[in-house]
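Understanding the architecture of this molecule
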Amino acid sequence: QVQLVESGGGSVQVGGSLRLSCVASGSINRFNTMAWYRQTPGKQRNSVARITSSGNVNYADSVKGRFTISRDNAKNTIYLQMNSLKPEDTAVYYCVAVPPLGTDYWGQGTQVTVSS
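Residues numbered from 1 in each chain as written. Predicted model: local features only at pLDDT ≥ 70, side-chain atom pairs only at ≥ 80, totals over all residues. Heavy atoms only, no water.

Considerations on the sheet that holds strand β1 (residues 4–7)
For the record, the criterion: Only when DSSP finds a minimum of two bridges between them are two strands counted as paired. We count a stretch as a helix when DSSP gives it H or I for four or more residues in a row; a strand needs E for two or more, and each element gets its number in order from the N terminus. Here an angle of 0 to 180 degrees is reported between the N-to-C directions of two axes, which are lines fitted to C-alpha atoms, with helices fitted over the stretch in contact.
Strand order across the open sheet formed by 4 strands is β1-β3-β8-β7, with antiparallel pairing between neighbours. Every other strand in the sheet has two partners, leaving β1 and β7 (67–72) as the edge strands with one partner each. Sheet twist, expressed as the average angle between the axes of neighbouring strands with direction ignored, equals 15°.

Right, here's the structure in full:
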């Protein structure tokens, strides 16, 4: 079992920046992939950014060039730096840990609101 705690969400104006953090209760080295998902009311959760244990990253097309995912294994933490925020980035953002086997672990989510 692992617990994931997100922080860093909030309200920001269009064009602003936020950095989300996700701290795991144990080592994140055991997870193949760590990821950020987001969800808006009435819609499914969608992957925003993913980072593998070897450091390979992948982004949704909608955030490429604006968002950066990173990980600090020593701190059991991943980050999502979000720049040039748009109203359509408004969502609840979730941290996800993908183990080699079994069920993914999800955090409780943090709200990001971008207003014009």
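Some words on the nonpolar core
The line we're drawing: We define a nonpolar core as any set of buried Ala, Val, Leu, Ile, Met, Phe, Trp, Tyr and Cys residues linked to one another through side-chain atoms lying within 4.5 Å. Note on exposure labels: buried denotes an accessible area under 20% of the residue type's maximum, exposed denotes more than 50%, and partly exposed covers the range between, all computed with a 1.4 Å probe on protein chains only. Every residue pair with non-hydrogen atoms within 4.5 Å of one another is taken to be in contact.
Counting 28 residues, the largest nonpolar core has M34, W36, L80, M82 and Y93 as the members making the most contacts within it. Of all the secondary-structure elements, those providing two or more residues to this core are β3 (18–24), β4 (33–39), β5 (46–52), β7, β8 (77–82), β9 (91–98) and β11 (110–115). If sequence neighbours within four positions are ignored, M34 has contacts with L4, I28, A49, R50, I51, I69, R71, I78, C95, V96 and A97. Counting 5 residues, the second largest nonpolar core, distinct from the first, contains A35, Y37, Y94 and V98.

Concerning the environment of G15
You can see G15 is positioned in the loop between β2 (10–13) and β3. For the pair G15 and T33, spaced 18 residues apart in sequence, the C-alpha separation works out to 29 Å.

Brief notes about the pairing of β5
Of the pairings in the sheet, the one linking β4 to β5 comprises 6 bridges and is antiparallel in character. Opposite R38, over in β5, you have N46 as the bridge partner. Here β4 folds back onto β5 in antiparallel fashion, the turn holding 6 residues, of which G42 has a positive phi close to 80°. In this sheet, strand β6 (residues 57–59) lies alongside β5 in antiparallel orientation, the contact comprising 3 bridges. Paired with I51 across the strands is V57, a residue of β6.

Focus: the side chain of D89
To be explicit about the condition: Any N or O atom pair separated by 3.5 Å or less is treated as a polar contact, with the protein-specific requirement of one donor-capable and one acceptor-capable atom, and with residues adjacent in sequence counted only for side-chain atom pairs.
Structurally, D89 is set in the loop between β8 and β9. Exposure remark for D89: the relative accessible area of 0% places this residue in the buried category. Polar side-chain contacts of D89 include one of 3.0 Å to the side chain of R38. A polar contact is formed between the side chain of D89 and the side chain of R66, at a distance of 2.7 Å. Those residues in contact with D89 that lie beyond four places of it in its chain are R38, R66, F67, S84, V112 and V114.

Points about the pattern of salt bridges
Filter applied, for reference: Salt bridges are identified by distance alone: a Lys or Arg side-chain nitrogen within 4 Å of an Asp or Glu carboxyl oxygen.
Following the criterion strictly, the structure yields 3 salt bridges and no others. Between D61 and K64 there is a salt bridge, with the nearest N and O atoms lying 3.1 Å from each other. The class for D61 is exposed, based on a relative accessible area of 64%. The salt bridge involving R66 is made with D89; its shortest N-O contact spans 2.7 Å. With a gap of 23 residues between them, R66 in the loop between β6 and β7 and D89 in the loop between β8 and β9 connect regions that are remote in the sequence.

These figures capture arrangement, not role.
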